[in-house]
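# Survey of secondary and tertiary structure
Read off the chains here:
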Amino acid sequence: MNKAPHAAVIHDLSGFGRCSMTIILPVLAAMGVQCAPMLTAYLSAHTAFPHRDQALFLDLTDQMEQVCRHWQALDVRFDAIYSGFLGSARQICRLREVISQFRREDTLVLVDPVMGDHGRPYATYTPEMCARMAELAGEADLITPNLTEAALLLGEPYHAVPHTIQGLKDWLLRLSMDGCRSVVITGVRVEEGVIGAACFDRKDGSFAFPRAHEEPQQFPGTGDLFAAVLLGGLLQGKALDHAAQKAVDFVQQCAAHTIALGTPTLEGVQFEALMGLLTHKMTEEMEFSAP
Ligand code: PXL
């Protein structure tokens, strides 16, 4: 029996606007991963939408504890634990315990230190949450900050973000905590019209800079899309640089497709119609091995 890799996915569920669970679950399923979602919060819509005074934000920290107890009783095992958007400082502390409870020798712990973008923290993130997030990231095998989050983790001002390969290598090494964890910084620009990621792989100490043509519009939720495709690739056995290139390409393809269709930016990228690009290889393999 060939078992699908199992991933615990610890993120929020946002009712409107593609981000977090509404992207990650379908993407990982398409890439052959069986997901166990643990909700950090339920929001009526992601935090970039207006009318925040009417928004529902349901913090699910206490419910997470019960989920955790039940999973332990069921002796659930995970090949990956992947966390993202978190609801409260207390929840971030709790998550460190969740990781230590379910981490086994070969479990990949991916912490996407979701805190902000474009130089600003998201509406629901306090300075204390950012400090706790840095501690949580210390538990990870792999972190995937954007440039805003990388600056917050390093305690650097946003205007200091690097735009050269050498500057990015310096930040990657600092973020790797002396080579102890792998790092992929997203949304990196070192050349006009080109966007991509900066990677440090702790396995062999190598750097990689996968990139693609930069589309003229940016969308919320693309960090979640990137990290999900990256994790799917890693769980399929791809090396970090190949998985990151696949993620860079897929985000660019989804952005180009969405711009062509002209749908509202805040609703995120239309990845649904392009899911075949993620399932293609598996389908080929299945066809190949069919009797
Ligand atoms: O994409 C990151 C993210 C996840 N979850 C929620 C968000 C955001 C970014 O705005 O608001 C609820």
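Let us look at the structure shown here.

What counts and what doesn't
- Residues numbered from 1 in each chain as written.
- Predicted model: local features only at pLDDT ≥ 70, side-chain atom pairs only at ≥ 80, totals over all residues.
- Heavy atoms only, no water.
- Helix = DSSP H or I, 4+ residues; strand = E, 2+ residues; numbered from the N terminus.
- Buried < 20%, exposed > 50% of the residue type's maximum accessible area, 1.4 Å probe, protein only.
- Contact = heavy atoms within 4.5 Å.
- Patch = residues over 30% accessible without salt bridge, like charges linked within 9 Å, V, L, I, M, F, W, Y side chains within 5 Å.
- Areas by Shrake-Rupley, 256 points an atom, 1.4 Å probe, with all protein chains shown as cover.
- Salt bridge = Lys/Arg side-chain N within 4 Å of Asp/Glu carboxyl O.
- Near = heavy atom within 4 Å.
- Polar contact = N/O pair within 3.5 Å; in protein donor to acceptor, adjacent residues only side chain to side chain.
- Nonpolar A, V, L, I, M, F, W, Y, C, P; charged D, E, K, R; others polar.
- Axes fitted to C-alpha atoms, helices over the stretch in contact; angles between N-to-C directions.
- Parallel < 35°, antiparallel > 145°, perpendicular 65-115°, else oblique.
- Left-handed = near helix turned anticlockwise from the far one by under 90°.
- Core = buried A, V, L, I, M, F, W, Y, C linked by side-chain atoms within 4.5 Å.
- Pairing = 2+ DSSP bridges.
- Right-handed = clockwise from strand over helix to strand, strands pointing away.

### A closer look at the side chain of Thr 258
Locating Thr 258 in the fold gives a position in helix H8 (residues 240–261). Judged by relative accessible area, Thr 258 falls into the buried class, the value being 0%. Discounting chain neighbours no more than four positions away, the residues touching Thr 258 are Phe 219, Thr 263, Gly 268, Val 269 and Gln 270.

### Some words on a nonpolar patch on the surface
On the surface, a nonpolar cluster with roughly 240 Å² of combined accessible area is contributed by Tyr 42, Leu 56 and Leu 58. Mapped onto the fold, Leu 58 is located in strand S3 (residues 57–59). The exposure class assigned to Leu 58 is partly exposed, which follows from its relative accessible area of 41%.

### A word on the site of the ligand
Every residue close to the ligand is listed here: Asp 12, Ser 14, Cys 19, Ser 20, Leu 43, His 46, Thr 47, Phe 85, Val 114, Tyr 122, Gly 221 and Asp 224. At a separation of 2.8 Å, a nitrogen atom of the ligand approaches a polar side-chain atom of Asp 12. Thr 47 has a polar side-chain atom sitting 2.6 Å from an oxygen atom of the ligand. Relative to its unbound accessible area of 310 Å², the ligand is 96% covered by the protein chains. In the shell around the ligand, the residues fall into 5 nonpolar, 5 polar and 2 charged.

### Quick look at the packing of helix H1 (residues 21–30) against helix H7 (residues 222–235)
Close contact between H1 and H7 brings their axes to 9 Å; oriented N to C, the two are set at 25°. Taken together, H1 and H7 sit at an angle that is classed as roughly parallel. Where H1 crosses over H7, the handedness of that crossing is right-handed. Facing H1, whose interface residues are Ile 23, Ile 24, Val 27 and Leu 28, H7 presents Asp 224, Leu 225, Ala 228, Val 229, Leu 231 and Gly 232. Tallied by class, residues from the contact of H1 with H7 come to 8 nonpolar, 1 polar and 1 charged.

### Overview of the nonpolar core
Ranked by internal contacts, the top residues of the largest apolar core, which has 47 residues, are Tyr 125, Leu 136, Ile 143, Leu 175 and Ile 185. Top contributing element to this core by residue count: helix H3 (residues 89–102), with 6 residues. Residue contacts for Leu 136: discarding those within four places in its chain leaves Ser 83, Leu 86, Ile 92, Leu 95, Arg 96, Ile 99 and Val 111.

### Brief notes about the pairing of strand S1 (residues 6–16)
Working note: regular strand, side chains alternate between the two faces of the sheet. In terms of residue burial, S1 counts as a mostly covered element, since 8 of its 11 residues are buried. Sheet topology note: the S1/strand S2 (residues 34–45) ladder contains 9 bridges and is parallel. Paired with Leu 13 across the strands is Tyr 42, a residue of S2. Assessed by its sense of winding, the connection that carries the chain from S1 through H1 to S2 is right-handed.

### What about the pattern of salt bridges?
In total, this model carries 15 salt bridges according to the counting rule given. For Arg 94, the salt bridge identified is with Glu 65, shortest N-O distance 3.4 Å. Taken together, the positions of Arg 94 in helix H3 and Glu 65 in helix H2 (residues 61–73) put the pair 29 residues apart, joining distant regions of the chain. A relative accessible area of 12% means that Arg 94 is categorised as buried. The partner of Glu 135 in a salt bridge is Arg 132, with the nearest N and O atoms 3.1 Å apart. Residue Glu 135 and its partner Arg 132 are both found in helix H4 (residues 127–137); the two are separated by 3 residues, about one turn of the helix. Among the residues examined, Glu 135 registers a relative accessible area of 33% and is labelled partly exposed.

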